[in-house]
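# An overview of the molecular structure
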Amino acid sequence: MENPDSPYFGDSGIQMLQKARDEQVTELSDLPGAVIHGRVFSSDDPETLGWPRLKDVMAAEGMISLRGVDEITLRRSCDELAEFNPVVHRWDMFMADADTLRDVCAPIAAAPLAKGLVRTPDSEITPALVHAVQRFLSEQGVSPFSKDALLAQLFPAKLLVLQHGDGRIAAAGFAAMTHNRHSPFAGVAWVGLIAVDPELRGLGLGKQVDALSNLVAVDELGAVATMEFVARDNKPSRAMLESCGLRNVNDRAVVVLSTSTDRISR
């Protein structure tokens, strides 16, 4: 059963990953090659981080993530981790700079919300509400982060929540500064955990939440650019990102190398 007082949410494997990442934030925030993350142990420069560390994580957790890597680095990673017979789960990376995001996203974000919806004030994003958001994300096939991560108690981040008039979660989005000062993506925010109540799909709400989340990243977190990840066959999400000004970075990808054929999140 769910424990509303726990900072973690999901099955035992997901909760184990959330707990491990929370406990590593201090170390990863200044470790060359590491990415602060809410689920899978991630690297944006595996050569610098070191293959022994990545092998240790694969042995312990069964998966690692590589963020913003090119094909040469991906092939090298598969060779270095060949003993685990890794399955490659891949997402394309989309990016836009702060000026582009302000120009494109501002009018989208300023449009009135669908009837009956309200944006939850920051002061009302309580641990209890975040627990509801974790459940909502999980129901939409999006693996949630820990409560502490979503509440920005571990690293600079911002959770955006839209609610129905009766308090039910209508949509959510998240922006976070997950790359440290050593990273090739230093100063770039990650935007994700975008999810919309199925009964509200088709109204453009996903695009609006994504626009709001990207503006939060640049205007409140101080990001110089943002990045988002999307599967190659997810045409609606790709169109949504493009409508918010982001463009596919053709020579870069985000991958999870896993001992399982199951994807951790959509």
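Structure's up top.
Quick caveat, the model's predicted, so the values are computed rather than measured.

### Section: the pairing of strand β9 (residues 225-230)
- Within β9, five of the six residues are buried, which leaves the element mostly enclosed by the surrounding structure.
- Alignment of strand β4 (residues 87-97) against β9, held across six bridges, turns out to be antiparallel. Opposite Asp 92, over in β9, you have Val 230 as the bridge partner.
- With three bridges joining them, strand β8 (residues 188-196) and β9 adopt parallel strand pairing. Directly across from Val 188, in β9, lies its bridge partner Ala 225.
- Assessed by its sense of winding, the connection that carries the chain from β8 through helix α8 (residues 205-219) to β9 is right-handed.

### Quick notes on unusual backbone geometry
- Unlike most non-glycine residues, Asn 85 shows phi in positive territory, near 50 degrees.
- Relative to the assigned elements, Asn 85 resides in the loop between α4 (71-80) and β4.

### Some remarks on the environment of Val 224
- For Val 224, the position within the fold is in the loop between α8 and β9.
- Counting along the chain gives 38 residues from Val 224 to Ala 186, while the straight-line C-alpha distance between them is 8.9 Å.
- Beyond its immediate sequence surroundings of up to four residues, Val 224 is in contact with Asp 97, Ala 98, Ala 186, Gly 187 and Val 188.

### Here we look at helix α6 (residues 127-139)
- An ideal rise of 1.5 Å per residue puts 18 Å on 13 residues; α6 measures up with 18 Å between its terminal C-alpha atoms.
- Within the sequence span of α6, burial applies to Leu 129, Val 130, His 131, Val 133, Gln 134, Phe 136 and Leu 137.
- For α6, the secondary structure elements touched by its buried residues are α7 (147-150), β6 (157-164), β7 (169-176) and β8.
- Just past α6, the residue Gly 141 takes up positive phi, approximately 80 degrees.

Conventions we followed
Residues numbered from 1 in each chain as written. Predicted model: local features only at pLDDT ≥ 70, side-chain atom pairs only at ≥ 80, totals over all residues. Heavy atoms only, no water. Buried < 20%, exposed > 50% of the residue type's maximum accessible area, 1.4 Å probe, protein only. Helix = DSSP H or I, 4+ residues; strand = E, 2+ residues; numbered from the N terminus. Pairing = 2+ DSSP bridges. Right-handed = clockwise from strand over helix to strand, strands pointing away. Contact = heavy atoms within 4.5 Å. Expected span 1.5 Å × (residues − 1).

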